[in-house]
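Observations on the three-dimensional arrangement
Residues per chain, in single letters:
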Amino acid sequence: MKEGSTEAPIRHPIAWQDPAYTDWDALDTELRRVFDICHGCRRCFNLCDSFPRLFDLIDESKTGELDSVSSTGFKPVVDACTLCDMCFMTKCPYVPPHEFNLDFPHLMLRYRAAERARGIKPGPGEAQLTKTDRNGRLARLAAPLANWASARGNRLTRPVLKGVAHVHEDVELPKFHAKTLMAKAAHHPVARNTAAPAAGRKVALYATCFVNYNNPDIGEAARAVLAHNGVDAEVVYPECCGMPQLEGGELEDVAGRARRVAAALAIWIEDGYDIVAMTPSCALMLKFEWPLIVPDNAQVKRLADATFDLSEYIVDIAKKEGLADGMTALPGGVAVHLACHARAQNMGAKAAELLRYVPDAKVTIVERCSGHGGSWGIKTENFPVALKVGAPAAQRAADADAAFVVSECPLAGKHIVQGMEKIDGATAKLAVARAFHPVELVARAYGLVK
Ligand code: SF4
Ligand code: SF4
C-alpha cells in the first residue's frame, strides 16, 4: 500500500524497446506534461535536489510558467535524481492508477535512456565505476593496495581518481576484501541449530556485489543469524543485479542481467529455497524493477515472487515461527535509517521492526533520504549535493544519541556517518564509528559476532 494512501501504487512496464520511448520529441512532451503537474503541486520540494531545481527553473523564467522554460534546462533536474523512488512512494497522489499517470523517477530513467540512445554517455573513466563485478574481482587480488589507493586523504591517488573517473576526493569509498562472501561461505560452513523453530526453512542468500566484494561481514552475520534460527542458508551470486546500470539508463544491459540471474536462481526456487537479497536496492531490482523491464519472462516473475529483503525475511521468521532464544541487550541505542529502496519495497519499516526484537532496544527512526543514491553520490559534481540532501538524516542520527547507526543500505549508512562527521561530537558518541546492517546488530545481540 502507498504510504499515506489507501490505494496501492501501480507501476507500468517500461517500454524501453519501443522507439517512442527514446524519441526526443515524445519525451519532451511527457516531461512538460509531468513538470507542469509538479509545478502546480510542489509537495516534493524538500525530498531531493531535482524538485528545487525544477521549481527554481520555472519561477525564474519569463512568465513564471513552464511555457517560457527551455527544454535545455531540464537536464540538471534529471541529473539530480538518484532514483530513490521517494516521490513516487511517499508523496505523489498522482501515481497510477490515478488518471494523471505520473511516475517521476521512471521519467528520469527514460531521459537517461534517451540520452544513451543519442550517444550521450559518461566518459570512459566514469563508465568503469559501474562494472562492479569486474572491479570487485580485480580489487580482491590486491585488496590492501586497492584500499590504500582509494582511501580518503590519499593525496597521490585520489586526485587521479577524480580526474579519470570524476570521484569526489572527500567521498569515503567502500573497501575491498581479499576473501569475498562467496569464498568465505565455500570454506567455512556454519552449523545449523536444528532445534530452532524455523528449522526447515531454506534460503539462497543473493550475495549482491556490495556484500560479496565490499562488505562480506553483512553476509557472515546473515549466515550466522539464519543458521542460529535453524535455516539452511546457502550463498549464491550469479552476477550484479545492474542497479548501477539502471541509474545510467542502460536498460538493455539490465534486461540481460535479469534474464541470466533469474535463470541461474530458478533451480534454487524449484528446490524450495526462498531468495533473500542482502541489500535493499538489489531486492528492489529483483522484486519490482526487473519484472517491469522484462515483463514477458516467467523466470523473472517467479524470482520476483520468491524474493525477500533480508530484514523482511527475519521478521517473517519472528512472526511465523518465532526467533530462536539467546539475544541480549546491546550497549546503547540504535539510530535506524529507513533506506529509500527498502521503503520502496512497500513492506513496512522492517529494519526497525527487526531491531525491536533485540531486548531493551532503544530504536530511533531516521526517515529522511541519506542523499547518496548509489554511484550517483560519489561523483565530483554530486557529492556536495548528496551531503546537503542528507544533512537532515545525519542530524537526526546525531540527535538520537545512539551507540549505533544502522541502515539496510550500506552506501546510505556510510554517507550518513560521513555527514555526522560534520556535526560537532556526533561520531564520538558512537560505539563504533561506522554504519551497520540491522542483521549485524542482531548477530551481535546473539553473541554470534563481535
Ligand atoms: S526519485 Fe528521489 S531523487 Fe528522484 S526525483 Fe524522486 S525524490 Fe527526487
Ligand atoms: S511528483 Fe507528484 S507529489 Fe511530487 S511534486 Fe510532482 S506531482 Fe507533486
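In this text, all values refer to a predicted model and were calculated from it rather than measured experimentally. (Residues numbered from 1 in each chain as written. Chains lettered and ligands numbered in written order. Predicted model: local features only at pLDDT ≥ 70, side-chain atom pairs only at ≥ 80, totals over all residues. Heavy atoms only, no water.)

1. Points about the sheet that holds strand E3 (residues 274–277)
Strand order across the open sheet formed by four strands is E2-E1-E3-E4, with parallel pairing between neighbours. Each edge of the sheet is formed by a strand with only one pairing partner; in this case those strands are strand E2 (232–236) and strand E4 (307–309). Sheet twist, expressed as the mean angle between neighbouring strand axes with direction ignored, is 30 degrees. Summarising the sheet, strand E1 (residues 202–206) and E2 pair through five bridges and their orientation is parallel. Within the sheet, the bridge partner assigned to lysine 202 lies in E2 and is aspartate 232. Against the sheet, helix H15 (residues 280–293) contacts E1, E3 and E4, and its axis sits at roughly 155 degrees relative to E4. (Pairing = 2+ DSSP bridges. Helix = DSSP H or I, 4+ residues; strand = E, 2+ residues; numbered from the N terminus. Axes fitted to C-alpha atoms, helices over the stretch in contact; angles between N-to-C directions. Contact = heavy atoms within 4.5 Å.)

2. Here we look at the domain arrangement of the protein chain
How big an interface is tends to be reported as the loss of accessible area on association of its parts. Assigned domains within the protein chain: domain 1 (19–117), domain 2 (124–165), domain 3 (181–319) and domain 4 (326–445). Each of domain 2 and domain 4 has a C-alpha centre, and the two are 25 Å apart. With five residues of domain 2 at the interface, the matching set in domain 4 holds six residues. A buried area of about 420 Å², summed over both sides, lies between domain 2 and domain 4, and 50% of it is on carbon and sulfur atoms. Here glutamate 421 and arginine 152 are joined by a salt bridge, their closest N and O atoms 3.1 Å apart. Here domain 2 is connected to domain 4 by one residue pair in polar contact (both at pLDDT 80 or more). Among the residues making up the side of domain 2 that touches domain 4, the classes are represented as one nonpolar, one polar and three charged. (Domains from an automatic or database assignment. Buried area = accessible area lost by both parts, 1.4 Å probe. Salt bridge = Lys/Arg side-chain N within 4 Å of Asp/Glu carboxyl O. Polar contact = N/O pair within 3.5 Å; in protein donor to acceptor, adjacent residues only side chain to side chain. Nonpolar A, V, L, I, M, F, W, Y, C, P; charged D, E, K, R; others polar.)

3. Here we look at the site of ligand 1
Neighbouring ligand 1 are Leu47, Cys48, Ser50, Phe51, Cys81, Thr82, Leu83, Cys84, Asp85, Cys87, Phe104 and Pro105. Using a 2 Å cut-off from the grid points, one finds that ligand 1 occupies the second largest cavity. When residues of the shell around ligand 1 are traced back to their parent elements, those giving at least two are helix H2 (50–59) and helix H5 (104–117). Looking at the shell around ligand 1 residue by residue, the classes come out as nine nonpolar, two polar and one charged. (Near = heavy atom within 4 Å. 1 Å grid on protein atoms, 1.4 Å probe; cavity = no way out; pocket = protein on both sides within 12 Å on 5 of 7 lines; lining within 4 Å. Sits in = over half its atoms within 2 Å of the grid points.)

4. Observations concerning the site of ligand 2
As a matter of local geometry, ligand 2 sits amid Ile37, Cys38, Cys41, Arg42, Arg43, Cys44, Phe51, Lys91, Cys92, Pro93, Tyr94 and Leu102. For the shell around ligand 2, the leading source of residues is helix H1 (residues 24–41), giving three residues. Within the shell around ligand 2, the residues separate by chemical class into nine nonpolar, no polar and three charged.

5. Some remarks on the packing of aromatic side chains
One pass over the structure, following the stated rule, counts 11 aromatic pairs. Judged by centre distance (4.5 Å) and plane angle (40 degrees), the rings of phenylalanine 51 and phenylalanine 104 are tilted. Remark: phenylalanine 104 occurs in helix H5 and phenylalanine 51 occurs in helix H2; sequence separation between them is 53 residues. For the pair formed by phenylalanine 51 and phenylalanine 104, the shared burial category is buried. (Phe/Tyr/Trp six-rings, centres within 6.5 Å; stacked < 30°, edge-to-face > 60°. Buried < 20%, exposed > 50% of the residue type's maximum accessible area, 1.4 Å probe, protein only.)

6. Here we look at the packing of H1 against H2
Direction vectors running N to C along H1 and H2 enclose 90 degrees, while the axes themselves pass 10 Å from each other. As judged from the angle between their axes, H1 and H2 are roughly perpendicular. Contacts from Phe35, Cys38 and His39 in H1 reach Phe51, Leu54, Phe55, Ile58 and Asp59 in H2. Residues belonging to the contact of H1 with H2 are distributed by class as follows: six nonpolar, one polar and one charged. (Parallel < 35°, antiparallel > 145°, perpendicular 65-115°, else oblique.)

7. Brief notes about the nonpolar core
Of all hydrophobic cores here, the largest spans 123 residues; its most connected members are Phe35, Phe104, Leu205 and Trp290. For phenylalanine 35, the residues in contact, after removing those within four places along its chain, are Leu54, Ile58, Leu66, Phe74, Val77, Phe104 and Met108. Core analysis: the next-biggest nonpolar cluster, separate from the first, contains 15 residues, Ala393, Ala394, Val417 and Met420 among them. (Core = buried A, V, L, I, M, F, W, Y, C linked by side-chain atoms within 4.5 Å.)

8. Observations concerning empty space enclosed by the protein
If you walk through the whole model with that rule in mind, you get five cavities of 30 Å³ or more. In this structure, the largest cavity occupies an estimated 110 Å³ of space. Those elements that place two or more of their residues in the lining of the largest cavity are H1, H2 and helix H4 (86–91). Here the lining of the largest cavity takes three residues from H1, the largest share from any one element. Broken down by class, the residue content of the lining of the largest cavity amounts to 12 nonpolar, no polar and three charged. When its volume is computed, the second largest cavity comes out at roughly 70 Å³. (Points joined across faces, edges and corners; volume = space filled by probe spheres on them.)

9. Remarks on the packing of H15 against helix H16 (residues 298–306)
Running from amino to carboxyl end, H15 crosses H16 at an angle of 155 degrees, the nearest separation of the two axes being 8 Å. In this view, H15 runs roughly antiparallel relative to H16, as classed from their interaxial angle. Regarding H15 and H16, the two cross each other, and that crossing is left-handed. Here H15 contributes Leu286, Lys287, Trp290 and Pro291 to the contact with H16, which in turn contributes Val300, Leu303 and Ala304. (Left-handed = near helix turned anticlockwise from the far one by under 90°.)

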